[in-house]
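Each chain, letter by letter, is given below.
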Amino acid sequence: MHHFKNDISIVFGGAAGQGVQTIAEALVRVLKRNGYYVFACTEFMSRIRGGSNSTEVRVTARKRRAYVSKIDFLVALNADAIDHLKDRISETTLVFAEKEHIEGKDIAGFIDTPIAEFAEKAGSRIFSSTVAVGVVLGLLGIPIDAFSVYLSEQFASKGEDIVSKNIAAAKLGYNFGKETAAEKQIEVKIDAAEDPPDELLIDGNTAVGIGTVAAGCSFISSYPMSPGTGLLTFLAHKADDFNIVVDQAEDEIAAINAALGASYAGARSIVSTSGGGFALMEEGISLAGVTEVPVVVHLGQRPGPATGLPTRTEQADLNLVLYAGHGEFSRVILAPGTFAQAIELMQRAFHFAEKYQTTVFVLTDQFFLDSIASVSESDIVRLPLKRYIVRTDEKYSRYSLTDDCLSPRGVPGHGDGIVKVDSHEHDESGHLTENFDLRRKMMEKRLKRLEALGEEALMPERFGAAEAKNVIVSWGSNRGVLEEALDNLQRKDLAGLHFSQLFPLNVAVKKQLEGKNIIVLENNATGQFADLLTRELAIPVSKRILKVTGEPFSVEEVVEALQEV
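Here's what I pulled together on the structure shown here.

1. Brief notes about the packing of aromatic side chains
The tally for this structure, following the rule as stated, stands at eight aromatic pairs. When the ring of Phe 39 is compared with that of Phe 367, the centres are 6.1 Å apart and the planes differ by 55 degrees; the resulting orientation is tilted. Here Phe 39, found in strand S3 (residues 37-43), pairs with Phe 367, found in helix H14 (residues 366-370); they are 328 residues apart in sequence, far enough to count as distant. There is no split in this pair, since Phe 39 and Phe 367 are both buried. With centroids separated by 5.6 Å and ring planes inclined at 85 degrees, the aromatic side chains of Phe 278 and Phe 361 adopt a geometry described as edge-to-face. Of this pair, Phe 278 sits in helix H10 (residues 275-279) while Phe 361 sits in strand S15 (residues 359-365), and the two are 83 residues apart along the sequence. The exposure class assigned to Phe 361 is buried, which follows from its relative accessible area of 0%. Ring pairs connect the aromatic residues Phe 4, Phe 73 and Phe 96, which therefore count as one cluster. Its guanidinium or amino end placed over the ring of Phe 329, Arg 331 lies 4.6 Å from that ring's centre, counting from NZ or CZ.

2. A look at unusual backbone geometry
Omega for the bond connecting Ser 226 with Pro 227 falls within 30 degrees of zero, at 0 degrees, which places this linkage in the cis form. Structurally, Pro 227 can be placed in the loop between strand S10 (219-222) and helix H8 (229-242). The omega angle of the peptide bond from Phe 503 to Pro 504 is -15 degrees, so this bond is cis rather than trans. In this structure, Pro 504 sits in the loop between strand S20 (501-503) and helix H17 (509-513). Backbone geometry places Glu 292, a non-glycine residue, at a positive phi of 60 degrees. Within the secondary structure layout, Glu 292 lies in the loop between helix H11 (282-291) and strand S13 (295-301). With a phi close to 65 degrees, Cys 405 is a non-glycine residue in the positive phi region. Mapped onto the fold, Cys 405 is located in the loop between strand S16 (372-376) and helix H15 (436-456). We classify Cys 405 as buried; its relative accessible area is 10%.

Calculation criteria
Residues numbered from 1 in each chain as written. Predicted model: local features only at pLDDT ≥ 70, side-chain atom pairs only at ≥ 80, totals over all residues. Heavy atoms only, no water. Phe/Tyr/Trp six-rings, centres within 6.5 Å; stacked < 30°, edge-to-face > 60°. Helix = DSSP H or I, 4+ residues; strand = E, 2+ residues; numbered from the N terminus. Buried < 20%, exposed > 50% of the residue type's maximum accessible area, 1.4 Å probe, protein only. Lys NZ or Arg CZ within 6 Å of the ring centre and 35° of its normal.

Spatial relationships are all this shows, so hold off on functional conclusions.
Below you can see the structure in the form of structure tokens.
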């Protein structure tokens, strides 16, 4: 007999073009409609067709936001999927595949599943993904009604024939799954919420997009580069609804310069890219620094150097944005750990950029952007939208020296003044200057605002044992895996601290870390944030838990690493 309870990991594997992501998206939406907590994450190869991709769908009794290496049910759509995932297949894994896909393989939990045969019986092999979802729903003992409704909605535009064939395919898979569960004594028990919370089921790109819209963004210019392209496409779909100008630039240099031009004219502007594309933007970042034009840069991280692993995940671009651009000037770096936090941080990003006339970087990564999870509407924060633009007069000077080091920002046409900006060092009016005293004052003005930014910087969030002597620090997308690992361990000597603002750091953070044994968890080779903590706060780091394979941390490996602490 096979028992599974309250935390089920279902993995779908196959080649690009076989509908692996389509299966996962359908399943998570049906499960969510039935009151279950779901989380899905995807890994895929850098090719349009072929290769070996997989999607993990977790069905849990409690909300989870992390990847696990264990597989309870594997639905393999081809033989390569089994080879690709062999290190995650255990003695308890049930593998659902066609017999031809396991020839020569020793799979203890293999169950012959005629997915293609059922699809053809329903009308065509293109219905294989629908069959696969039906099989899983049958195994879980979840009524097929919600899936039938989903299929009717999803394929309504393609006509009744396609809808009916999809429903027929779903029923064939469902009946097989239900009969197999009875025959093989597969028992699945997941405690669904008695009163399911009112939640949105979204992916990371959507969360970042919602926050960008809520922030009042009115212009995006980007050149497509995964995984940062998702924000561009989201805003393109919403452009008419929210009056957003969308510019798909010819390259990243054009993108950053267009965003700066839009911001100079008064728009709240953003660019979205990845590390390789951002490298081309660095001259524009310096231009933003000297002209004091606000701009938000969303950078979806992926492994480098160069093209690296273009469809995998990593957290190795912190130093890239921390030191980007020639010369010295202020900046802010944010990194959300949850979807609700992403919605809030995007609003704060535009606030920081405009109030302090600076560049704000928002770091995400492939794992975060492509994951799917539910967000409670009560957790979504909507911040007031305040603009920091003045009406100019005839005596207006764009770079006036002020006590708070923030020059009044005007935009062309809003008042009687002329808004002069210059990429050279300049005087208060915006004219080029090489006066040494003015140069010193302008440098001090641009850098001193870091003090105010540090005072307004977001504090990290703590979880785990209140008085623990060992504090595990994470940032960005590693929040969910650390929370779950600590929850599993239940050790009174361990606590977590998640940073959503990486620079500048709030000076009050030092008090939280002093006298503690600090361990830093991050997806890069050297421990970039660990170095930053030591440099900025003189906090020693005793251990670094690092990963550079292009995969996210799994709960199991974080638990194992922390057991050694």
